[in-house]
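Working through the structure, step by step
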Amino acid sequence: MEVLNRFCNTVSSTVSQLQGVLPGNPVTREYEVTRHIASAGPGLLWKIYSGYKKSTKQNASIFVFEKRQVVPQDRDILIETLKRGIAQLTKLRHPQILVVQHPLEESRDCLAFATEPVFSSLANILGNKENLPPNCDVNGYQLFDVEIKYGLMQIGEGLVFLHKDAKIVHHNLCPSSIIINEQGAWKIFGFDFAIQNSSSDAMPTWRCSEEDCGSSYPHALAHPHPDYLAPECFSKDKKTLGPPSDNYSLGVLIYALYNEGRSPFNGDRKLARLKNSELSLSKVVDGLRQLVKMMLHPSPELRPDEHEFLKADFFEDVGVKALNYLDSLFQWDNKQKSHFYKGLPQILGQLPHRVCLLRVVPCLTREFVNPMMVPFVLPSMFVIAEKCNKQEFISHILPQLKTVITIQEPVQVLLIFMQRMELMLKMTPCEDVKSDVLPLLYRALESDSQDIQELCLSVLPTFAELIEYPAMKNALLPRIKRLCISTSFVSVRVNCLVCIGKLLDYLDKWLVMDEVLPFLPQIPSKEPAVLMGILGIYKLVLNHKKMSMSKEIMAQKVIPFLMPLCVENFLTLNQFNALISVVKEMVSKVEQEHRVKLEQLYEEQQTLDNSLPQAKINAPPTQPSVNSLNDLLALEKSTPMTATTEIKSSSHQVKQLSFEDKQRLITEEDASRQMMTGPQTLTPSLAPIGKHSTTVKDLTANLLESNNFSINTGASQSCNNPSVHNSIDGIMGNIGIKSGMVGTAPYSYVRGRTIIGGVDKTIGNPSVCKSVRSNFSTSDTLNSIGNAFQGNWTSWQSSSVFQPASNITPIIQNNTVTKQLSKDEINDLLS
C-alpha cells in the first residue's frame, strides 16, 4: 500500500508540474512536454523537460522558467537577464553551442523555449540537485575519462569560436552553463552575462562595468557565479576583460570536475588572492595539472590561450581523436571516410559502452543516407550492438538498422547482415523478425552471391520456430528448392539439402511427402556430396519420430532412385556403405510391412471362408430362381459329385416348397442328367436348306482327292514323319478338326465352314476328346473314319444343338451319297 501511495504521489506531482507548464505559453502549443529531467542556468532556474514537436514527432527539450520561483522585487531583473541570455544564444550557431529550435516565448506565468534533446547540465551531474525531480536519470551518473577529455576539448573549441569569430566573452563559464545533450556532447549555454566587443577596430576590446560584475545586483542570481570569475573582474583599477577571463573560468571548471564539483575558492573570494603555488591541484590528473595551474594564474598575460589549451598532450588520446573525427566527418570525402571506418571497430573496444551507444551511434547513422558508405559503417554498428542489452538494442540500434536493411546495392550490405544474422535474431523482437528480417533472408536466397546464399542457408534453421507455417510452405521452402535445382555451385546445393534436413522438425508429414521427397530426384547433380545430402534427408525422414515413409513410396519411388546410384564408380567405400545400408533398411521395411499386410489379408479370407457355411445354414429359406437353378446345373456339370452333394444338402432348404415346385425341380434334374450322358438316342430330322438336290456328295472321298498331300502314295512311309503330321494338322485345322478333339458328331456347318470334330452336349462347349493324329496312318484308316462319321450322323442330327448353315445342303442322308462336290467347291469350302 505504501508503494502504491508513493507511486500515486509521484504521478500526481508530475501531472501538476505539467499542468503548470502547459497552459498559456505559445511553446506548449507546438511541443508536447513529457517529463522533467534536469535544470540549468543561473541558480539552476531553468527547468528542463523532455518532449517532442507535435507536427514532426522530432525529439526536443523544453526549457521553462517559472516566475513564481523568485520574489517579485527581483523578478524583473532576473527575467531581463534570462531574456538577454536566450536572445544571445538564439543568434549563435556552432556545434559546441546549444542549438535552439524554438525561440523564447513569454506568458503570464513562465518563460519557455525549445532546444535540441539534452540529457542534463554539468552541474546536475556534479551533484547539484536544485530544481530536479526525485527520480531522474542523473542519479548515480559518472563521467568517464574520455568523456571529460572530449568534453573539455569541445568547450575549448566553443571558446575559440566565441573569442575569434563571435567576438564575445562568456563571462559566466561554470557547470550550470554547460549542457550535455543526449549524445553526450558538451554544449555552451548561459549567455546571460556575456560581454560583446566594444571596439570597431581590428583588435576587439571588452569592458566590464559594475553591473557586469554584479556588484550592484541585490539578488545573488543576478550576477555571474563568483567562484568562476577571474581576479581582474574584481579589480578596481582595471575593468578591461578579454578571452583570458574565460580561460581562467575554464581552469576553475577543470578543477571542479576532479573535486566533486567544488571550486578552489568554495565561495570565499579571499582565497582568490592566494598565490598560484599555494593552490592544491593534487586531484587534477597529471596531464592537466600544470596546464590548470597556468590557467589559474592571476596575470591574464601568463594564461594559455584556447589554441594552446587544445594542443595539450592531455588530448592526445585515441578515443578523443576518434570522437573528434566522427564530429568532423561531414567535411571529408568518401575515400577518407572509408579509411577511418575500417579502423574504427578496433578503436571502439577502447571506448566505454555508453560513449559508443550515445556518442558514436548517432554519428554512424548519419552515413546511412549514403549507400556506398553503409558497408563501411555496419561493422562498427554491430560491434556496438554486441555490448548492448536487448532494450538498448531495440531503442538505439534496431531503428537505425531498419533504414538500411532493405538496401540491395552494394551487395556487401546483405553479406554483412548475413554474417551478423545470429546477433540480429537474438536481439530483435519476434514481430520485427517477421516484418523485417525474414524478407531480408528471402532476398539473400535470391541473390547471385554464393557467400550470401551459403550464409543465409546456414542461419535459417536457427530461427525456424519464428517462421509461420504458411510462410514456411509458400515462401521459404519453394525458394530453397528453386535455389538447389538452379544453382551451379555444389557447395550451395549441399547447403540447401542440409538446411532442408534441419527444417524437417518444423514441417509436417504431408508437406514432406508432397514437396520435399518428390523434389530430391529432380536435383541435376551426381556429385558424392550432393548424393550424401539426399541420402541424409531420406534417412532422417525414414527414422523421424513424427514421419513415416510408406512402403509404396519406398518401393515405387525411393528405392528405384537409390539403387542405380549404388553402382556408381565415383563413390568411396564409406559412401557406398552408407547408401547401401539405407537401401537395405528400406527393402527390409517394405518386406516386413507387406508381409504383415498379406498375412492379415489371408487371415481375413480364412475367417470369411469359415463363416460362409454357417451363414448358409442360418440363412432363411428362399424360393429357387431360374438363375440359381442354372448355376446349380453348371456346378453339377463341372463337378457332378459335388453338385449332387450340394443338391442333397440343400434339400433341407426346400422343405417348404409346394408339390408342383418339387416336381419341376425333379424334372429339371432328370433333364440335366440326360444332357450329361449324351443324346445318342435322339434322331432329329434335317430339313433341306436352300435348293433341294437329289444327290449327296461323298465328302470323305472328295477330301481324300482334293488335299495337297497324297495319302495313297507313301502313306505308310510318312506315318511317323513330323512334317506329315504338321500337314495333317494344318488341313484338319482348316476344316475344324483339332488334335485331341473327338466327339460323337462327325461334323457340322457353322458360318459356312465345315467343322469336323466333337461338340459337347452343352451349347457352345467343346469337349475334350482323344487325339486323332495317330489314326491317320493309312488311307483305309481315313476311309473308316469317314464311314464312322456317316454312321454317327443319324444320331448327331437328332440333337437340338445342331443348326446347319442356310447356304449348304445336307450331303449325308440315310448313309447314301446323293451328290458329289467338285474340287473347286471343296477348295472354296476349305478356304
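Before any of the text, the structure's been laid out above.
Throughout what follows, the structure given in this document is the object of discussion. (Residues numbered from 1 in each chain as written. Predicted model: local features only at pLDDT ≥ 70, side-chain atom pairs only at ≥ 80, totals over all residues. Heavy atoms only, no water.)

Description of helix α13 (residues 374–386)
In this model, α13 (13 residues) spans 18 Å end to end at C-alpha, consistent with the 18 Å of a helix rising 1.5 Å per residue. Buried residues dominate α13, accounting for 10 of its 13 residues. Among the residues making up α13, those that are buried are V374, P375, V377, L378, S380, M381, F382, V383, I384 and A385. Each element contacted by the buried residues of α13 is listed here: α11 (334–348), α12 (353–365), α14 (390–402), α15 (412–419) and α16 (421–427). (Helix = DSSP H or I, 4+ residues; strand = E, 2+ residues; numbered from the N terminus. Expected span 1.5 Å × (residues − 1). Buried < 20%, exposed > 50% of the residue type's maximum accessible area, 1.4 Å probe, protein only. Contact = heavy atoms within 4.5 Å.)

Here's the deal with the pattern of salt bridges
Overall, the coordinates contain 24 salt bridges when judged by the stated rule. Through salt bridges with shared partners, one network takes in K47, E66 and R68. (Salt bridge = Lys/Arg side-chain N within 4 Å of Asp/Glu carboxyl O.)

Let's talk about the pairing of strand β8 (residues 178–181)
Judged by which residues are buried, β8 turns out to be covered on both faces: I178 and I180 on one side and I179 and N181 on the other are all buried. Of the strand pairs in this sheet, strand β6 (residues 118–121) and β8 are connected by 3 bridges, and their pairing is antiparallel. Residue pairing in the sheet places S121 in a bridge with I179 of β8. Alignment of β8 against strand β9 (residues 186–188), held across 3 bridges, turns out to be antiparallel. Within β9, the position partnered with I179 by the bridge is K187. Counted between consecutive antiparallel strands, the loop separating β8 from β9 contains 4 residues, among which G184 sits at a positive phi close to 90 degrees. (Pairing = 2+ DSSP bridges.)

Observations regarding the packing of α15 against helix α18 (residues 450–459)
Direction vectors running N to C along α15 and α18 enclose 25 degrees, while the axes themselves pass 9 Å from each other. On the basis of the axis angle, α15 is roughly parallel to α18. Taken as a pair, α15 and α18 cross one another with a handedness that is left-handed. Residues L414, L415, M418 and Q419 of α15 pack against D451, I452, L455, C456 and V459 of α18. Its residues assigned to classes, the contact of α15 with α18 shows 7 nonpolar, 1 polar and 1 charged. (Axes fitted to C-alpha atoms, helices over the stretch in contact; angles between N-to-C directions. Parallel < 35°, antiparallel > 145°, perpendicular 65-115°, else oblique. Left-handed = near helix turned anticlockwise from the far one by under 90°. Nonpolar A, V, L, I, M, F, W, Y, C, P; charged D, E, K, R; others polar.)

Overview of the nonpolar core
Counting 190 residues, the largest nonpolar core has L152 and L562 as the members making the most contacts within it. Examining the composition of this core, we find that 9 residues originate from one element, helix α5 (residues 145–166), more than from any other. Three or more residues apiece are contributed to this core by two domains, here domain 1 (6–315) and domain 2 (351–547). Excluding residues within four positions of it along the chain, L562 makes contact with L535, Y538, L579, V582, V583 and M586. (Core = buried A, V, L, I, M, F, W, Y, C linked by side-chain atoms within 4.5 Å. Domains from an automatic or database assignment.)

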